[in-house]
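# Per-entry structural report
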Amino acid sequence: MSTVTRFAPSPTGFLHLGHAFSAWCAWRRGGIFRLRLEDIDATRCRPEYAAAILEDLRWLGLHWQGEVRVQSAHLADYRAALDQLAARGLLYPCFCTRRELSLSAPHGATPVYPGTCKHLSAAARDEKIAAGTPYALRLDSEKAIAQAGALKFFEESQGWTEAQPARLGDAVLARKEMPASYHLCVVHDDAVQNITHVIRGRDLAEATHLHVLLQNLLGLPAPVYAHHRLLRDAQGKRLAKRDGSESLAAFRQSGIQPQALLARFEDEA
Ligand SMILES: [Zn+2]
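What this report covers is the structure whose coordinates are included nearby.

What counts and what doesn't
- Residues numbered from 1 in each chain as written.
- Predicted model: local features only at pLDDT ≥ 70, side-chain atom pairs only at ≥ 80, totals over all residues.
- Heavy atoms only, no water.
- Salt bridge = Lys/Arg side-chain N within 4 Å of Asp/Glu carboxyl O.
- Buried < 20%, exposed > 50% of the residue type's maximum accessible area, 1.4 Å probe, protein only.
- Helix = DSSP H or I, 4+ residues; strand = E, 2+ residues; numbered from the N terminus.
- Donors = N, O, S within 2.8 Å, 3.2 Å for Na, K, Ca; no water.
- Tetrahedral: all angles 85-135°; square planar, octahedral: opposite > 155°, others 65-115°.

## Looking at the pattern of salt bridges
Two side chains that carry opposite charge are able to pair once their charged atoms sit near each other. Enumeration according to the criterion identifies 18 salt bridges in this entry. E38 is paired through a salt bridge with R36; the nearest N and O atoms lie 3.2 Å apart. A residue is classified by how much of its surface remains accessible, and E38, at 8% relative accessible area, is buried. The salt bridge involving E142 is made with K118; its shortest N-O contact spans 3.3 Å. Here E142 is found in helix α6 (residues 141-148), whereas its partner K118 is found in the loop between α4 (98-104) and α5 (122-130), with 24 residues between them in sequence. By relative accessible area, E142 is classed as exposed at 59%. Overall, the relative accessible area of 22% leaves K118 in the partly exposed class.

Structure representation (structure tokens):
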């Protein structure tokens with residue numbers, strides 16, 4: 001079986017050096033390199049960013065094979081996956097507002113949902129839904145873990161690793177305004193695009209525990225995982241979208257050649 005990797009950016013800004021490094025880490029593995037635009041966040045994604053990402057990748061020489069998968073064009077697929085989980089009794093509506101959620105999370109910590117809405121009575125749920133209160137759908141992780149049983153995944157730097165999805169709590173699988181969420185879509189699409197090796201930044205390593213659980217529940221194959229280090233600036237700070245100076249567009253405009261960036265990636269890898 002040939003290797004299939006992917007790069008899956010969200011078009012919420014211009015590609016910066018950290019993203020490009022991530023794309024390169026996947027591309028340089030060889031085999032088939034696929035591209036996917038994770039654009040389900042309609043309030044933050046913009047078509048001009050999507051176009052710029054494609055242009056930047058071409059400029060760098062990171063050519064992908066096949067069609068670009070655009071998530072917003074496949075909402076019915078994600079709905080079907082949600083239905084599959086709902087049929088197993090694994091989803092529940094969460095009416096919490098952003099503010100309520102931020103109050104329940106310790107400052108600066110990765111918020112794990114405290115399960116507030118899981119304990120609502122059926123009558124209270126029906127009442128809120130009837131009143132038109134917007135709601136997200138969360139995975140009942142306790143039930144899901146019980147149904148799936150013990151799971152393992154293969155992470156290249158660690159070998160076989162026991163999945164501990166409870167660490168992520170009851171994740172959102174459908175957002176209030178969208179029948180989908182990052183976690184649901186990434187798992188679904190890695191399978192649809194026949195990805196054999198998910199090569200992505202260490203910032204996403206923790207999510208793997210949940211992704212492996214979702215793969216199991218949805219009957220999808222589990223790819224191999226590899227999490228690369230994150231690029232940092234001269235001050236040791238992680239590169240982020242807000243640092244416009246590190247955007248590929250800015251590098252290009254300043255006359256830097258793609259070979260110079262690729263050489264830096266080789267040094268960093
Ligand atoms: Zn809630």
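## As for the coordination of the zinc ion
Protein ligation of the zinc ion involves C94 (SG), C96 (SG), Y113 (OH) and C117 (SG), the donor distances falling in the range 2.0 to 2.3 Å. Coordination geometry of the zinc ion: the four donor atoms subtend angles of 100 to 123 degrees at the metal centre, consistent with an arrangement described as tetrahedral. Along the chain, the residues that donate to the zinc ion are spaced as C-x1-C-x16-Y-x3-C. Of the two residues, C94 sits in strand β4 (residues 91-94) while Y113 sits in the loop between α4 and α5, which places them 19 residues apart along the sequence. Grouping residues by exposure puts C94 and Y113 together as buried.

## Description of unusual backbone geometry
Not every positive phi belongs to a glycine, and N194 is a case in point at roughly 55 degrees. Structurally, N194 is set in the loop between α7 (182-192) and β9 (197-201).

## Some remarks on α7
Where burial is concerned, most of α7 is hidden: nine out of the eleven residues are buried. Every buried residue of α7 is listed here: H183, L184, C185, V186, V187, H188, D189, D190 and A191. Looking at the residues trailing α7, positive phi occurs at N194, about 55 degrees.

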